[in-house]
Amino acid sequence: MHNLTGNDFLSRIVRDLKMEHKELLYFPSLQIKLYQHLIQKRDAQAPLTLREKEFIELYEDAMNHQSKTGTRVKRQNKFPKRKKATINNVSDG
């Protein structure tokens, strides 16, 4: 991965990163690719899951905010935590 940059300083930094940290560098490009794929799917009028629709909405909101302010948006988990079903929570209907 460190060979992908022509900047010697950045190349050394990336080379010395742990594998877990190198993986984080891929996330923004993966989000862009996923967004582009989902937009093509939506434009082809293919059905989207609720999660796919939420991703598109959140991604577009983040990009609109970024373009208005000129700043990067801190990634936040916008999905509420799911409650795990327990014996006490289940009703006997």
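Note that this is a predicted model, so its numbers are computed, not measured.

So, how was this worked out
Residues numbered from 1 in each chain as written. Predicted model: local features only at pLDDT ≥ 70, side-chain atom pairs only at ≥ 80, totals over all residues. Heavy atoms only, no water. Phe/Tyr/Trp six-rings, centres within 6.5 Å; stacked < 30°, edge-to-face > 60°. Helix = DSSP H or I, 4+ residues; strand = E, 2+ residues; numbered from the N terminus. Buried < 20%, exposed > 50% of the residue type's maximum accessible area, 1.4 Å probe, protein only. pLDDT = per-residue confidence, 0-100. Expected span 1.5 Å × (residues − 1). Arc of directions from axis to C-beta. Contact = heavy atoms within 4.5 Å.

Enquirer: Give a description of the packing of aromatic side chains that names residues and reports values.
Expert: Scanning the model with the defined rule gives 2 aromatic pairs in all. Aromatic pair Phe55 and Tyr59: ring centres 5.8 Å apart, planes at 25°, arrangement stacked. Placement of the pair is Phe55 and Tyr59 together in helix 4 (residues 50-69), with a separation of 4 residues, close to one helical turn. On the accessibility criterion, Tyr59 (12% relative accessible area) is buried.

Enquirer: Provide a residue-level description of the confidence of the model for the protein, including the pertinent values.
Expert: Looking at the protein, the pLDDT average stands at 76 and 67% of residues meet or exceed 70. Summarising per-element confidence for the protein, the mean pLDDT is lowest in helix 1 (residues 8-16) (78) and highest in helix 3 (residues 27-43) (90).

Enquirer: Help me get a handle on helix 4, residues and values and all.
Expert: Counted at 1.5 Å a residue, the expected span for helix 4 with its 20 residues is 28 Å, and the 28 Å between its end C-alpha atoms agrees. Taken residue by residue, helix 4 has Glu52, Phe55, Ile56 and Tyr59 as its buried positions. What you see down the axis of helix 4 is that its buried residues fit within an arc of 100°, all on one side. Facing away from the buried side of helix 4, by more than 90 degrees, are the exposed residues Leu50 and Lys68. In the core, the buried residues of helix 4 are packed alongside helix 3.

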